[in-house]
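Each chain, written out:
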Amino acid sequence: MLLEINDLHVYYKSYWYILKVLNGVWLRVDKGERVGIIGESGSGKTTLLKSILKILPQNGIIPRGEIRYDGKNILKLGDNELTKIRRKEIGIIFQDPMAALNPVFTIREQLYDIIKHKMMIEGHNPSSRELHEQAVKILNDVRLPDPERVLESYPFQLSGGMRQRVMIAMALISAEKLLLADEPTTNLDVTIQDQILKLIHKLVIEKNLSTILVSHALGMVYQMTDRVFVLYAGDIMEEAGTNELFNHPKHPYTQLLISSTPRLSSVGVGEGIKGKIPDYRNPPPGCRFAPRCPYVMDKCINMKPGKIQVNKDHVVSCHLYD
Amino acid sequence: MNNDTILSVSDLRKYFTTAEGVVRAVDGVSFNVKHGETLALVGESGSGKTTTGHVIMGFYPPDGGKIIYKGAYELSIPMKKRPLELKRDIQIVFQDPGTSLNPKRLVKDIISLPLLVHRIVDKSRVYEKVAELLEYVGLSEEYMFRYPHELGGGEKQLVAIARALAPNPSFIILDESTSALDVSSQARVLNTLVKIQNELKLTYLLITHDLGVVRNISQRVMIMYLGKIYEEAPTEDFFKSPMHPYTQMLLSSIPTLSEEDEKIKPRGIESVGEIPSAVKPPSGCRFHTRCPFTKQICMEKDPPDIVVNNNHIVRCWLYA
Ligand SMILES: Nc1ncnc2c1ncn2[C@@H]1O[C@H](COP(=O)(O)OP(=O)(O)OP(=O)(O)O)[C@@H](O)[C@H]1O
Ligand SMILES: Nc1ncnc2c1ncn2[C@@H]1O[C@H](COP(=O)(O)OP(=O)(O)O)[C@@H](O)[C@H]1O
Ligand code: SF4
Ligand code: SF4
Ligand SMILES: [Mg+2]
Ligand SMILES: [Mg+2]
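Model, not experiment: these values are computed from the prediction.

**Comments concerning the overall build of chain A**
Here is step 1 of the chain: A count of helices and strands for chain A gives 12 helices and 12 strands.
Here is step 2 of the chain: Dimensions of chain A along its principal axes, counting C-alpha atoms only, are 65 × 50 × 40 Å.
Here is step 3 of the chain: Classification of the 322 residues of chain A by burial places 56% in the buried group.
Here is step 4 of the chain: Of the roughly 14000 Å² of accessible surface on chain A, a fraction of 50% belongs to carbon and sulfur atoms.
Here is step 5 of the chain: Of the charged side chains in chain A, 41 are positive and 36 negative; the average position of the first set lies 2 Å away from that of the second.

See the structure below:
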């Protein structure tokens, strides 16, 4: 087991109120495993990934929970050890490359900085020639043509697809064990998305990385992962092997999500889901899906469902299976 | 133009002058939209889909070509100079549900504005009509008293659709209207669009880059690349036998959810390269820089329209 999360709670605090976003999340990632997290916008997917690296925004707090990574409890680690993990072991591809890349520095400056810090942790102060070699190598790894020109560019001078490749390059420098990918292809055309996904897939295998892929594009998760967790409004609703989950979904939320996805081979999509993600200031006390669930029962309103093992590799959190 | 045509576009051109040079956003596009159908316009970003929609709306005048609406109106005239009746009859729903609704106004006021401007109902009956429109798109009356920020993304888009329906249009341009939504909200919006189209006999021009959506709600498809249309076909036929290499590349790039869907995807073609700048589009067939089948002639001459069978048209030298 490389990563194991139990009972994770994350709140965002403001002067007036507290948003209780993650509500006891669990997750596990084995060595070499490719894990997917799916769920609607606002479910807490990005919040979960940021917790793993302990890079939540200032107002984010973790009142309860455990994140065990490689035998250590991330939440109890000192700054030095955390920095080492962030620079050398776990890399992250952010949802929005424009926000993640610094607009006033060239790609060269940004890449050099990351490479340099990583090498310094390894006890080596690289020369500028070494930095250049490493930077060109990593840009070649992500199949960016003309690396020299890319190095001289500012982020806005690159196309969306190129920026995304640069982001992947940066994440890969730090990801020797685990790669976190947060919607790595939103806002890209399907053609470019396909190129980027194939690239990530290849690199992950080459480098024998574990990955967590976060997305609300179900097809992408179906094709890229071994195991899937379904997150809704800060709660894990279901966990199963990828094939099992998409072919035999048990949780009403998962079923509705899958039937809402348009198909190429047939006409007609499911009805979708009425309503919206609950207000995190005052979330439903029982099952957080209850206000939108077509099967809601009395006990769902006040009692949070537990983890129910429906078969060997399939866990669901819903009172229908009590 | 025959009787069942509502909109006829011929050799439409729209160029923009920018610092880098002239962008040929729409460069000789012709098509007809039939009464009551959904015609999909598909392509990567930058292919000129939105520009086509905006010229039809009259947001800016074309640089060439003709657009005839209902056999009577010439749509090259800008929005401001169009008769009120024409403005009423053509509506658009934008991509971003967040910015297209005024955040300071209640839903009831957002929807009543076009009702009043176009004098659809008497002032005293306005809120009755608003409630009816909300009901139509599947939202309860209670939504009248919400602000946009109190709605989910899908609900915002349903309100935008109710607003577009308010003046009783015949023709609606849907520009990536579900692209920013989760699948669960998207499904709800798509179902609503199909329902109201059947009930109100609406015509849609569906602009999207999502072929899954196209499959589900359109009757015909057009594929656009760098300002030109390269394939046009009835939806069934299109998915059964996609012909243009670009179409095949688009289809093969879609991450699917099942074996049956996987079978629809063309084999032996892979996504490569990016859409080139519209300032200096490639010579001949504009797709030749990414096409695995490029021949000499492709680089020299623009391929002609080739009619394959019942209304399936492809522009590619492979079929000439
Ligand atoms: N710094 C913050 N302060 C307050 N609330 C926040 C903050 N960051 C996120 N949130 C809120 O926490 C909830 C979960 O957000 P998060 O970004 O984790 O969702 P997500 O699943 O990644 O969504 P998306 O698919 O849209 O990226 C949302 O309601 C969001 O508005
Ligand atoms: N107002 C404008 N000024 C200059 N260029 C524009 C303008 N609007 C669109 N373009 C350019 O026209 C081309 C087509 O754009 P657009 O119609 O938005 O494509 P799509 O909707 O298919 O993504 C692009 O190269 C775009 O940058
Ligand atoms: S616990 Fe109840 S409300 Fe929640 S998903 Fe199951 S049936 Fe629906
Ligand atoms: S005309 Fe030539 S380059 Fe263009 S799509 Fe056909 S084969 Fe490819
Ligand atoms: Mg996110
Ligand atoms: Mg557009």
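**Here's the deal with the confidence of the model for chain B**
Here is step 1 of the chain: Residues at a pLDDT of 70 or more form 99% of chain B, whose mean pLDDT is 93.
Here is step 2 of the chain: As scored by the predictor, the complex reaches a pTM of 0.92 and an ipTM of 0.90.

**Quick notes on the interface of chain A and chain B**
Here is step 1 of the chain: Opposite the 38 residues of chain A that make contact, chain B presents 43 residues.
Here is step 2 of the chain: On the chain A side of the interface with chain B, the three residues burying the most area are Asp189(A), Thr191(A) and Leu264(A), jointly 21% of the side's total.
Here is step 3 of the chain: Along the contact surface separating chain A from chain B lie zero salt bridges.
Here is step 4 of the chain: Across the contact surface, chain A and chain B share 19 residue pairs in polar contact (both at pLDDT 80 or more).

**Quick notes on the site of ligand 2**
All names here are of chain B.
Here is step 1 of the chain: Taken together, 13 residues are adjacent to ligand 2, and Gly-46, Gly-48, Lys-49, Thr-50 and Thr-51 come closest.
Here is step 2 of the chain: Gly-48 is positioned with one of its backbone polar atoms (N or O) 2.9 Å from an oxygen atom of ligand 2.
Here is step 3 of the chain: At 2.8 Å, a backbone N or O of Lys-49 approaches an oxygen atom of ligand 2.
Here is step 4 of the chain: Protein chains bury 64% of the 560 Å² of accessible surface belonging to ligand 2 in isolation.
Here is step 5 of the chain: No other element matches helix H1 (residues 49-57), which puts three residues into the shell around ligand 2.
Here is step 6 of the chain: Partitioning the shell around ligand 2 into residue classes produces four nonpolar, seven polar and two charged.

**Overview of the coordination of the magnesium ion (ligand 5)**
All names here are of chain A.
Here is step 1 of the chain: The coordination sphere of the magnesium ion (ligand 5) contains the protein donors Thr-46 (OG1) and Gln-95 (OE1), at a distance range of 1.9 to 2.4 Å. Placement of the pair is Thr-46 in helix H1 (residues 45-53) and Gln-95 in the loop between strand S6 (90-93) and helix H3 (97-100), with a sequence separation of 49 residues.
Here is step 2 of the chain: Exposure remark for Thr-46: the relative accessible area of 23% places this residue in the partly exposed category.

**Details of the nonpolar core**
Here is step 1 of the chain: By size, the foremost hydrophobic cluster in this structure holds 103 residues, and its most contacted members are Leu3(A), Ile212(A) and Phe246(A).
Here is step 2 of the chain: No other element matches helix H7 (residues 160-174) of chain A, which puts nine residues into this core.
Here is step 3 of the chain: Core analysis: the second largest hydrophobic core is formed by 67 residues, Leu139(B), Ile196(B), Tyr246(B) and Trp317(B) among them.

**Observations regarding helix H6 (residues 183-200) of chain B**
All names here are of chain B.
Here is step 1 of the chain: Between its terminal C-alpha atoms H6 stretches 25 Å, which fits the 26 Å expected from 18 residues at 1.5 Å a residue.
Here is step 2 of the chain: Among the residues of H6, Val-183, Ser-184, Ser-185, Gln-186, Ala-187, Arg-188, Val-189, Leu-190, Thr-192, Leu-193, Ile-196 and Gln-197 are the ones counted as buried.
Here is step 3 of the chain: One or two positions beyond H6, positive phi appears at Lys-201, with a value near 55 degrees.

**A closer look at the sheet that holds strand S4 (residues 64-69) of chain B**
Strand pairing in a sheet takes place through backbone hydrogen bonds and is either antiparallel or parallel in direction.
Residue and element names in this part refer to chain B.
Here is step 1 of the chain: On the basis of which strands lie adjacent, the open sheet formed by four strands has the order S2-S1-S4-S5 and antiparallel pairing. Every interior strand has two partners, whereas the edge strands, strand S2 (21-34) and strand S5 (73-74), have only one.
Here is step 2 of the chain: Where S4 and S5 come together, two bridges link them in antiparallel fashion. If you follow Tyr-69 over to S5, its bridge partner there is Tyr-73.
Here is step 3 of the chain: The strands that H1 touches are strand S1 (5-18), S2 and S4; relative to S1, the one it contacts most, it runs at about 115 degrees.

**Here we look at a nonpolar patch on the surface**
All names here are of chain A.
Here is step 1 of the chain: A cluster of nonpolar side chains, Tyr-15, Trp-16 and Tyr-17, forms an exposed patch at the surface whose accessible area comes to about 500 Å².
Here is step 2 of the chain: Turning to its location among the elements, Trp-16 is positioned in the loop between strand S1 (3-13) and strand S2 (18-29).
Here is step 3 of the chain: Using a relative accessible area of 73% as the deciding quantity, one classes Trp-16 as exposed.

**Structural notes on the packing of aromatic side chains**
All names here are of chain A.
Here is step 1 of the chain: Tallying each qualifying case throughout the model produces 14 aromatic pairs over all chains.
Here is step 2 of the chain: Each ring, one from Tyr-15 and one from Trp-16, has its centre 5.4 Å from the other, and the planes form 80 degrees; the classification is edge-to-face.
Here is step 3 of the chain: Pairwise contacts between aromatic rings join Tyr-232, Tyr-253 and Phe-289 into one cluster.
Here is step 4 of the chain: Its guanidinium or amino end placed over the ring of Tyr-17, Arg-281 lies 5.2 Å from that ring's centre, counting from NZ or CZ.

**Digging into the pattern of salt bridges**
Residue and element names in this part refer to chain A.
Here is step 1 of the chain: Within this structure, the stated rule accounts for 43 salt bridges over all chains.
Here is step 2 of the chain: A salt bridge links Lys-118 to Glu-176; the nearest nitrogen and oxygen atoms lie 2.8 Å apart. Placement of the pair is Lys-118 in helix H4 (residues 107-121) and Glu-176 in the loop between H7 and strand S7 (178-182), with a sequence separation of 58 residues.
Here is step 3 of the chain: Accessibility expressed as a relative area gives 14% for Lys-118, which makes it buried.
Here is step 4 of the chain: For Glu-176, a relative accessible area of 38% puts it in the partly exposed group.
Here is step 5 of the chain: A network of salt bridges, in which partner residues are shared, links Arg-28, Glu-33, Arg-227, Glu-239 and Asp-313.

Rules and cut-offs
- Residues numbered from 1 in each chain as written.
- Chains lettered and ligands numbered in written order.
- Predicted model: local features only at pLDDT ≥ 70, side-chain atom pairs only at ≥ 80, totals over all residues.
- Heavy atoms only, no water.
- Helix = DSSP H or I, 4+ residues; strand = E, 2+ residues; numbered from the N terminus.
- Buried < 20%, exposed > 50% of the residue type's maximum accessible area, 1.4 Å probe, protein only.
- Areas by Shrake-Rupley, 256 points an atom, 1.4 Å probe, with all protein chains shown as cover.
- Lys, Arg positive; Asp, Glu negative; His and termini not counted.
- Charge placed at Lys NZ, Arg CZ, Asp CG, Glu CD.
- pLDDT = per-residue confidence, 0-100.
- Contact = heavy atoms within 4.5 Å.
- Buried area = accessible area lost by both parts, 1.4 Å probe.
- Salt bridge = Lys/Arg side-chain N within 4 Å of Asp/Glu carboxyl O.
- Polar contact = N/O pair within 3.5 Å; in protein donor to acceptor, adjacent residues only side chain to side chain.
- Near = heavy atom within 4 Å.
- Nonpolar A, V, L, I, M, F, W, Y, C, P; charged D, E, K, R; others polar.
- Donors = N, O, S within 2.8 Å, 3.2 Å for Na, K, Ca; no water.
- Core = buried A, V, L, I, M, F, W, Y, C linked by side-chain atoms within 4.5 Å.
- Expected span 1.5 Å × (residues − 1).
- Pairing = 2+ DSSP bridges.
- Axes fitted to C-alpha atoms, helices over the stretch in contact; angles between N-to-C directions.
- Patch = residues over 30% accessible without salt bridge, like charges linked within 9 Å, V, L, I, M, F, W, Y side chains within 5 Å.
- Phe/Tyr/Trp six-rings, centres within 6.5 Å; stacked < 30°, edge-to-face > 60°.
- Lys NZ or Arg CZ within 6 Å of the ring centre and 35° of its normal.

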